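Architecture at a glance
Here's the letter readout for the chains.
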Amino acid sequence: MNKVRLKLKGVSEIVGSSEVALLVLTDEQESRQLSVVCDKAMAYELSMRLGDAPVNPILLPEVLCRVVGDMDELHYEVLINGLVEGQYRAVLLNKFTFDMIPIRVSDGVLLSLIARLPLFIEQNLMNRQSVAFKQGTNGVAIPVNTLSNDMLKEALETAIGEENYELASHLRDEMRRRKWSKDNPDNADRQL
């Protein structure tokens, strides 16, 4: 399996949303970026660790990384390995036993920061989901297939209200694709 190493470039708010934020992950060359939706609490946790202020070593994630003696890059890595209904999937991979423990992507990013674990994504997934990275831009492009079902519905209503019918059509097509995949799980990889 080919994979691409990622790094957390930043955390951005989503305009008009008080519940979610975006994690901006780039490849090591900072030529491609991947945007991952996370909740506001995780955005705060990550922002706190990206800042210049020292992080309190008695916070739970830091304590757990110290307690688990082999929680280091020699033993573990975080791998983003799928996308299901708008949610990226990830695993904490034990490099010796090849055990894969499912983990929420944002938690995996936090763990990779604290324990200094390498963060990877499968190359095919990166190729499909990433966009060119442009330093200093205000907006962040995200693929429509990474939006949750609720976010898709809200975006569709907004697009119709703003008479942006091209976008509305694209959003509706993604909703239909997901419904079809759910109703036909044996053919979920087939494109409509």
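Everything here concerns the structure above.
Below you will find a few notes about this structure. Since this is a predicted model, take the numbers as computed values, not measurements.

**Considering helix α5 (residues 149-161)**
- With 13 residues, α5 should reach 18 Å at 1.5 Å per residue; the first-to-last C-alpha distance of 18 Å fits that figure.
- Directly after α5, the chain includes Glu163, whose backbone phi takes a positive value near 55°.

**A few points about helix α3 (residues 105-115)**
- The element α3 is extensively covered by neighbouring structure, given that 9 of its 11 residues are classed as buried.
- Buried within α3 are the following residues: Val105, Ser106, Gly108, Val109, Leu110, Leu111, Ser112, Ile114 and Ala115.
- In the segment just after α3, Arg116 is the residue with positive phi, at about 60°.

**Some remarks on the pattern of salt bridges**
- Within the structure shown, the criterion is met by 10 salt bridges.
- Two residues, Lys3 and Glu77, come together in a salt bridge whose shortest N-O distance is 2.6 Å. Of the two residues, Lys3 is situated in strand β1 (residues 3-13) and Glu77 in strand β4 (residues 76-84); the sequence distance between them amounts to 74 residues.
- A salt bridge links Arg49 to Glu45; the shortest N-O distance between them is 2.6 Å. Taken together, the residues span about one helical turn, with Arg49 and Glu45 both in helix α1 (residues 40-50) at a distance of 4 residues.
- A relative accessible area of 25% places Glu45 in the partly exposed class.
- Three or more residues are tied together by salt bridges with common partners; here these are Lys7, Lys9 and Glu30.

Each value, and the rule that gives it
- Residues numbered from 1 in each chain as written.
- Predicted model: local features only at pLDDT ≥ 70, side-chain atom pairs only at ≥ 80, totals over all residues.
- Heavy atoms only, no water.
- Helix = DSSP H or I, 4+ residues; strand = E, 2+ residues; numbered from the N terminus.
- Expected span 1.5 Å × (residues − 1).
- Buried < 20%, exposed > 50% of the residue type's maximum accessible area, 1.4 Å probe, protein only.
- Salt bridge = Lys/Arg side-chain N within 4 Å of Asp/Glu carboxyl O.

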